[in-house]
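Per-entry structural report
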Amino acid sequence: MPTLIIDNQSVTVPEGTNVLEAAQQLGIVVPHFCYHEALGAVGACRLCAMLFIDGPVKGMQMSCMVEAKDGMVVSTEAPEAVAYRGQVIEWLMLNHPHDCPVCDEGGECQLQDMTVASGHSVRRYTGKKRTYLNQDLGPFIHHEMNRCIQCYRCVRTYQDYCGGTDYGVLGSNQRLYFGRFQDGPLESPFAGNLIDLCPTGVLTNKPYRFTSRFWDLQEAPSVCPHCSLGCATIPGARFRELQRVRSGNNPEVNGCFICDRGRFGYDYVNHLDRPRTPLLHGEEIPWSEALETLLQRLKKLIECHGSDSIALLGSGRASLEANYLLQRLSEQLGSAAPVYGSHAGRDRAARVATTLPTELSASLADVRNSDLILLTGADPLAEGPMLALAIRQAVRKGARVMICDPRPVELPCSAEYLACQPQELLQLLSALFQGETLPIKLQPLAEALQQAQRPVLIGGGDLLGAEGNTALLAAAQKLNREERPCLAMVLLPEANSFGAALLAADGPDFEQLLADMASGRIKALLCLEADPLTDCPDRQHLLQGLEQLNFLVVLDHLPSLIAAKADLLLPTTALAEGAGTLINNEGRMLAFTPAFSPGEPLRITGQGNHPPRSFSTTTPGALPCQAWAVLAELCDLPVDLAKIQRDLATQEPRLAGLPDLLAEGSGQLIQSADKPLAQPQARRTDQVDALQLLVCETLYGSELLSAHSAPLDPVRPQPYLLLHELDADRLGIAADDLVRLSAGEIQLTLPAQLSDRMAAGIVIVPRLRRTELESFYPGQPSQPCRVEKVSAP
Amino acid sequence: MNLWRDIKGTFQPFWVTLRYLFKRPVTISYPEQKRTPPPRYRARMILTRDPEGEERCVACHLCSAACPVDCISMQAAEREDGRRQAAWFRINFARCIYCGLCAEACPTMAIQMSPEYELGNRDPLKLVWEKEDLLVDHGGKDPNYHFYRHSGIGVAAPRGGNDDELPPVNIKTNLP
Ligand code: SF4
Ligand code: SF4
Ligand code: SF4
Ligand code: SF4
Ligand code: FES
């Protein structure tokens, strides 16, 4: 641990720290461009110059390129260093277009800050400026090359960190160009990080273009609601509109990066059809009346049909607090415990995930540091995109990745792919648990597991189901030894699936609720940010059950299908408008805080022009309330989030840390359950001959919230069907042929895509919301299907 | 000597009034008579145009950021040719304190103080001016300045086409 002196202050830093980081530790602001905590140093910008007065190196040096050593005496304020940095800025500004007023980076531009800080204000050089032509980089990123300062951060972000291959540095000499070989959309699903990482206005957010200035945005630390990983984000709003999302920094989860689904999926908050007033049978009513009606109706139904006639449905979209208050409400009404999640299979899988002891639970930071990653039935890019990036960081440090999956799982890094049938995954996991020898084709895996020092087993709840998750966790526990830890991670469907499953404990699941509804016993259903009509695979029974209801109450902020049917619709706030807690797939409690208050965006009220010229004391569309607050009122509890959290923490000892949770920081792991892990059942597998239909999530288009986001429209895939080349040959199908898929009662005509990097005998369709593929549900066992070529008309 | 002070205080003002009865008045009878303020007088703002007759304002938000009473609001938008403009631009003159900081902050010389001071009104909404009301058809105090001719991002001139710019580089050449 070297100790050095910077600006007359002494600091001790870990071995391998560079002098720039050491200075930052002292709180000294060091001007820099090319150094970034996640990317490291390359010494390209020459701005971090310091004067090394004593020690192993002397003279003017780039502090990011010098490793801190004992005995160093360094000055950041020496007149030579200040003058040197001023000169560097002046050079960088030689060719700069000086267009801050029309640059979206203005106000949060590192170049602006450094230029002002260095005192440079007049361009003394009288020569002409170098210019470039820009490229069209697709729907997310705007390119303005004239503003570039050649710091290489974009290349290091895109190629090194994110594993993209279609963007880089071209040209030579004075003509360095940062872009693609030719115009075209950036291919990486993490390309949006370029916006955050480029210190200037070269790469800016296209959907947000010319929308607001940084200083006008209302921002707050928040959590991404678009998958179960719970990345830290900072949503920014203005004029009652959520306008952009940038990455927060949670070192245990996402680091400084987020995926493009998280970055551009925000627009559901501004959706035109979003419910904004309480509606009773389609008529607007005031909140007080709505809540009164709700309680009266429920009481009346309880009087007539008993308290069993009321059912409450929570979800993995709603916050932990709101889901908890649903329990309190059920206690108050005397009805059965709430059901969490409208997809029984996914709910059961999530409940298994909550049993994992925390010391075995892998965070994304653990994944980044592991040396063997086994993916069984998990498709990171689709089910938790930032996991793919975490895996890439492990691979960059030499880790091996093995994918056992029926789907052609792609990663932004090298990986060994072993095509497995869905039932083989279970066999593999229980063999790992039993310590049996693996089948021949999985031998490489067995060897790799032998050698690995820090392996992580990752499973996808959708493909593995409850049974597979049980086997995965048990296998991890079995392989975990004192000298060789083995961690596990399960991907879940929704941001708070873990929290909802934790509250569900041994309670009823949606299948039981369906049966009760179908039998006519349930008279009233209250859905808390849950939409069974899009999530419940058993649609027919569900529709029957809904027919029999007397009273359907929906609390939601999405224009969901069930909201359209509700007798009483209570508008709630979206995540960025409220406070609360989510628990991510690792069991980490993550707090989010409100960035802005709900209201109809000015863009809608003003119809693109200036705001209406009238005075009013109310804000249009400002009626949505936080779901937990509505439920607290219903339960006659004080509307106080902290108190609710304290109650919850006392009631559920695993959540003891909840009251101390801070929104900034890395969240807090819940406590382990005191029950031992369940043992996987030995399983007999049937040989299947027919083609099996497997429904899968995709990166864009499957997740509910982002499916309502306009900026993602250009990248949402069109419906397709994926077949193994061998099967296609057998059926006489070529790529892009139209094929008819018959599964159960559904018949669809889809274009075929072929792959040889998937399990044979499997037909894969993506779950694409708001397309004809919406009627297929992931998280189900594969079902037999038929595929035939549609003869040309 | 309080008594003497009181007596003096009673009579001196009358004496002053009496003296001024015989001097020329300094006031004018507004509104029948009007004064021409000097050209640099700081009264209500205008939005000027560049030498080509286009709106100068690029909706950069600097004036609204500089404004100490927050009376300027706007929304930027992109025109088809890439020009950044205000979709709407609003000044609430009921709030404005005519400090001139917005005009000082404006990087494009768009917003300028004009000598027009007659804004008195009984309806507060009439003091809320939109872009259409603020726009004038001249360049104000600095008629020749053209922002896009100095900041090269290819809006008024083609990329690399301004006086102080070189033509766009050929990134595919390997020549030194
Ligand atoms: S990159 Fe920064 S310095 Fe350059 S125009 Fe944009 S805001 Fe101004
Ligand atoms: S595009 Fe941005 S990140 Fe890349 S080199 Fe230029 S200034 Fe740096
Ligand atoms: S990985 Fe998941 S939580 Fe993270 S940004 Fe992407 S969608 Fe959001
Ligand atoms: S500072 Fe000038 S250019 Fe910028 S918004 Fe205000 S008037 Fe327009
Ligand atoms: S930060 Fe050290 S040279 Fe750029």
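Since this is a predicted model, take the numbers as computed values, not measurements.

1. Details of helix α7 (residues 287–305) of chain A
Residues and elements named next belong to chain A. With 19 residues, α7 should cover 27 Å at 1.5 Å per step; its first-to-last C-alpha distance of 27 Å lies within 8% of that length. Among the residues of α7, those classed as buried are W287, A290, L291, T293, L294, L298 and L301. Considered in projection along α7, the buried side chains sweep an arc of 160° and stay on one side of the axis. Opposite the packed face of α7, turned more than 90 degrees from it, sit the exposed residues S288, Q296, K299, K300, E303 and C304. At the C-terminal side of α7, G306 shows a positive phi close to 85°.

2. Comments concerning the interface of chain B and chain A
Contacts between the two partners involve 43 residues from chain B and, on the opposite side, 41 residues from chain A. Ranking the residues of chain B by area buried against chain A places R84, R159 and I171 of chain B at the top, with a combined share of 19%. Across the chain B-chain A interface, the total number found is 4 salt bridges. With its nearest N and O atoms 2.9 Å apart, the salt bridge here joins E78 of chain B to R209 of chain A. Run the count over chain B and chain A and you get 23 residue pairs in polar contact (both at pLDDT 80 or more).

3. Re the side chain of D567 of chain A
Residue and element names in this part refer to chain A. The topology assignment puts D567 in the loop between α20 (561–565) and β25 (568–571). One buried charged residue, D567, remains without a salt bridge, the closest side chain of opposite sign being R297 at 5.7 Å. Within the local environment of D567, its side chain forms a polar contact with the backbone nitrogen of L552, the two atoms lying 2.7 Å apart. Excluding its chain neighbours within four sequence positions, the residues that come into contact with D567 are L279, L280, H281, N550, F551 and L552.

4. Some thoughts on the site of ligand 2
By nearness alone, every residue bordering ligand 2 is listed as C148, I149, Q150, C151, Y152, R153, C154, F178, C198, P199, T200 and V202 of chain A. Residue composition of the shell around ligand 2, grouped by class: 9 nonpolar, 2 polar and 1 charged.

5. Quick word on the sheet that holds strand β21 (residues 455–460) of chain A
Residue and element names in this part refer to chain A. Pairing in this open sheet of 5 strands is parallel, and the strands run β20-β19-β18-β21-β22 from one edge to the other. Sheet topology places β20 (416–419) and β22 (487–491) at the edges, where each strand pairs with a single neighbour. The mean angle between the axes of side-by-side strands here comes to 15°, regardless of whether they run parallel or antiparallel. Strand direction decides the pairing type here: strand β18 (residues 372–376) and strand β19 (residues 400–405), joined by 5 bridges, are parallel.

Criteria and cut-off values
- Residues numbered from 1 in each chain as written.
- Chains lettered and ligands numbered in written order.
- Predicted model: local features only at pLDDT ≥ 70, side-chain atom pairs only at ≥ 80, totals over all residues.
- Heavy atoms only, no water.
- Helix = DSSP H or I, 4+ residues; strand = E, 2+ residues; numbered from the N terminus.
- Expected span 1.5 Å × (residues − 1).
- Buried < 20%, exposed > 50% of the residue type's maximum accessible area, 1.4 Å probe, protein only.
- Arc of directions from axis to C-beta.
- Contact = heavy atoms within 4.5 Å.
- Buried area = accessible area lost by both parts, 1.4 Å probe.
- Salt bridge = Lys/Arg side-chain N within 4 Å of Asp/Glu carboxyl O.
- Polar contact = N/O pair within 3.5 Å; in protein donor to acceptor, adjacent residues only side chain to side chain.
- Lys, Arg positive; Asp, Glu negative; His and termini not counted.
- Near = heavy atom within 4 Å.
- Nonpolar A, V, L, I, M, F, W, Y, C, P; charged D, E, K, R; others polar.
- Pairing = 2+ DSSP bridges.
- Axes fitted to C-alpha atoms, helices over the stretch in contact; angles between N-to-C directions.

Note that every value here comes from positions in space, so none of it alone points to a role or purpose.
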